[in-house]
Amino acid sequence: MKKKPEFKIQNITHPSAPLADYNDPLLRELVAHLRQNRTQLREEWARRITDAQLLTAMTKEEIFSEATSVYDNYVEVLETGSVEALQAYARNLSERIIPRGVETHEVVGIVLLLRDVLARSLFKKYQGEPELLNRVLDAYEPAANRIANTVAVSFVQERERVIRQQQEAIRELSTPVLQVRERLLILPIIGVIDAQRARQLTEQLLRGIRGNRAKVVVVDITGVPTIDQLVANHLVKTVEASRLMGASVIITGLSAEIAQTLVTIGVDLSKMNAVGDLQGGIEEAELLLGYKVISTAEPAAGTGTKESKS
Amino acid sequence: MQVPILKQGGYLIASIQSVLSDADLVQLRDNLGERVGTFRSRGVIIDVTVLDVIDSFATRTLRGIAHMLKLRGAETVIVGIQPDVAFAMVQLGLTLEGVGTALDLEEGLAYLDLRTKRTPVNGN
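Residues numbered from 1 in each chain as written. Chains lettered and ligands numbered in written order. Predicted model: local features only at pLDDT ≥ 70, side-chain atom pairs only at ≥ 80, totals over all residues. Heavy atoms only, no water.

Visitor: Sorry, what's going on with empty space enclosed by the protein here?
Guide: Once rolled over the atoms, a probe with the size of a water molecule shows which space is left empty. All names here are of chain A. Tallied over the full model, the rule gives three cavities of 30 Å³ or more. If you trace the largest cavity, you find it lined by W45, I49, L55, M58, I63, E66, A67, V70, L93, I97, V107 and I110. Going through the elements one at a time, α3 (38–51), α4 (60–80), α5 (84–97) and α6 (104–125) are the ones with two or more residues in the lining of the largest cavity. Among the elements that line the lining of the largest cavity, the one with the most residues is α4, at four residues. Each pocket or cavity is described by its volume, and for the second largest cavity that value is around 60 Å³. Along the walls of the second largest cavity sit W45, V70, L86, Y89, A90, L93, V107, I110, V111 and V151, which together make up its complete lining. Looking at the lining of the second largest cavity, the elements with two or more residues in it are α5 and α6. Sorting elements by how many residues they give to the lining of the second largest cavity places α5 first, with four residues. The residue makeup of the lining of the second largest cavity, split by class, is 10 nonpolar, no polar and no charged. (1 Å grid on protein atoms, 1.4 Å probe; cavity = no way out; pocket = protein on both sides within 12 Å on 5 of 7 lines; lining within 4 Å. Points joined across faces, edges and corners; volume = space filled by probe spheres on them. Helix = DSSP H or I, 4+ residues; strand = E, 2+ residues; numbered from the N terminus. Nonpolar A, V, L, I, M, F, W, Y, C, P; charged D, E, K, R; others polar.)

So, in structure tokens, the structure goes:
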């Protein structure tokens, strides 16, 4: 049980970094010094954070309370040499502050600030004894580096986890295939299409054609800002593959930029059935399928009088 | 393996049962050309549902069959191309242009009904 987390720490921090000797009496003295001046150093640190305009997304009180927790964790790491608690805390903190728009440079910045604040206080304390100061710094530096490393890595890892989660969510939501009428499907596409999404789109469309026995598919790309050459070609191939399966594809909502791209790469436009907007596309599809939409409402008053006059 | 050709009203249905060699395809072409004349068929359906690969030779032969039968007075429709096959074909630039395609047998029959009714040959 005890060995596993130890391995994890070794992995996260730089493996070749020399491990500080945590039983070093100097380090103990250091910890005692930091404990003694806790209030003053903590305030100094919080003040420096505000001055440097870091963590602007948080209030002063929040900064102070987080600063206190980080400070205590920091001192504890110096004392025990175990970064586990700090790591867990950093993860937890990241989870809380990432949604509020805190950037990586801010997190790294505040940790480096704390390192700076503490180093300055050490300089002040051992000003008269350069020999001792050197030895204190030798003990302090590696430990401080390791702490900074741990916090930054935890933050970045947490951030990457969030990004991965969101990518997954986007991928799942990205291409709905909807049946509007018997034999008629629509594929509304929103957002940038990259090569992977284009592939997924084709797959879903072709499976949708088979699954719903579709004859006409309306692909609406109103929500797509631009497409590159590769994706445009892929789109054309999708249209042709659909034809091989006996379905015709109507593309709607081509923006001026995308139309330009298609012309530039020389797509054979005779194979593309393009209609201005989604409404037009659905009307065209209904025509192909032989549907006729009739309003069941009473004829409007205006039309009535017009008819009676003529 | 030979492809059975079934007569269904005015149409012929060639239902491919297994992977075809190049020779089988040529055989199919010859058989269809002959049967269309014998039965005076107006339309031909070639069902490729079981094929999971349609290569360039097969594509060229199918297109050749369609064009040949057109000259013999019959419409051809290829039915049952699988999604993966369809996309692979397009990737290779094999698009069967000028040949009718439909989802499955039922759709193919509907397609032929529509096409043969429209062609004013001996209908009116």
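Visitor: Help me understand the interface of chain A and chain B, please; the structure alone is not making it clear to me.
Guide: Many structure descriptions define interface size as the accessible area lost when the parts assemble. Contacts between chain A and chain B engage 17 residues on the former and 20 residues on the latter. Buried area between chain A and chain B, both sides added, is near 1,700 Å², and the carbon and sulfur share of it is 55%. One can count six salt bridges joining chain A with chain B. We note a salt bridge from E107 of chain B to K215 of chain A, for which the minimum N-O separation is 3.6 Å. On the surface where chain A and chain B come into contact, there are 11 residue pairs in polar contact (both at pLDDT 80 or more). (Contact = heavy atoms within 4.5 Å. Buried area = accessible area lost by both parts, 1.4 Å probe. Salt bridge = Lys/Arg side-chain N within 4 Å of Asp/Glu carboxyl O. Polar contact = N/O pair within 3.5 Å; in protein donor to acceptor, adjacent residues only side chain to side chain.)

Visitor: It is not clear to me how the confidence of the model for chain A should be interpreted in this structure. Could you clarify?
Guide: Detailed reading of the predicted coordinates is not advisable wherever pLDDT falls low. All names here are of chain A. When pLDDT is averaged along chain A, the result is 80; 88% of the residues meet or exceed 70. Contacts for the low-pLDDT stretch residues 1–20, under 50 throughout, to residues beyond four places or in other chains number 17 contacts. In this model, residues 304–310 is a region of pLDDT below 50 whose contacts with residues beyond four sequence positions or in other chains number zero contacts. (pLDDT = per-residue confidence, 0-100.)

Visitor: In this structure, what is going on with the pairing of strand β3 (residues 216–223) of chain A? I would like to understand it.
Guide: Each regular strand displays side chains that alternate between the two surfaces of the sheet. Residues and elements named next belong to chain A. Among the eight residues in β3, six count as buried, and that is most of the element. Of the pairings in the sheet, the one linking strand β2 (residues 184–190) to β3 comprises six bridges and is parallel in character. Within β3, the position partnered with L184 by the bridge is V216. Note that the unit made of β2, helix α8 (residues 195–212) and β3 has a crossover that is right-handed. With five bridges connecting them, β3 and strand β4 (residues 248–252) associate as parallel partners. Bridge pairing in β4 links V217 to V249. (Buried < 20%, exposed > 50% of the residue type's maximum accessible area, 1.4 Å probe, protein only. Pairing = 2+ DSSP bridges. Right-handed = clockwise from strand over helix to strand, strands pointing away.)

Visitor: Can you walk me through the sheet that holds strand β5 (residues 273–275) of chain A in this structure?
Guide: For sheets, the rule is that strands pair by backbone hydrogen bonds, running either parallel or antiparallel. Residue and element names in this part refer to chain A. An order of β1-β2-β3-β4-β5 is seen for the five strands of this open sheet, with the pairing classed as mixed. In the strand order of this sheet, the two ends are held by β1 (178–181) and β5, each with one partner. Each neighbouring strand pair of the sheet contributes to a mean axis angle of 30°, computed without reference to strand direction. Strand direction decides the pairing type here: β1 and β2, joined by three bridges, are antiparallel. The partner of Q179 across the bridge, within β2, is L185. (Axes fitted to C-alpha atoms, helices over the stretch in contact; angles between N-to-C directions.)

Visitor: Quick question: what am I supposed to make of the side chain of T59 of chain B here?
Guide: Residues and elements named next belong to chain B. On the secondary structure map, T59 appears in helix α2 (residues 56–71). Classification of T59 by relative accessible area gives buried; the value is 2%. Beyond its immediate sequence surroundings of up to four residues, T59 is in contact with I54, M89, L94 and L96.

Visitor: It is not clear to me how the environment of D24 of chain B should be interpreted in this structure. Could you clarify?
Guide: Relative to the helices and strands, D24 of chain B is located in helix α1 (residues 22–39). It is 6.3 Å that separates the C-alpha atoms of D24 of chain B and Q2 of chain B, two residues lying 22 residues apart in sequence.

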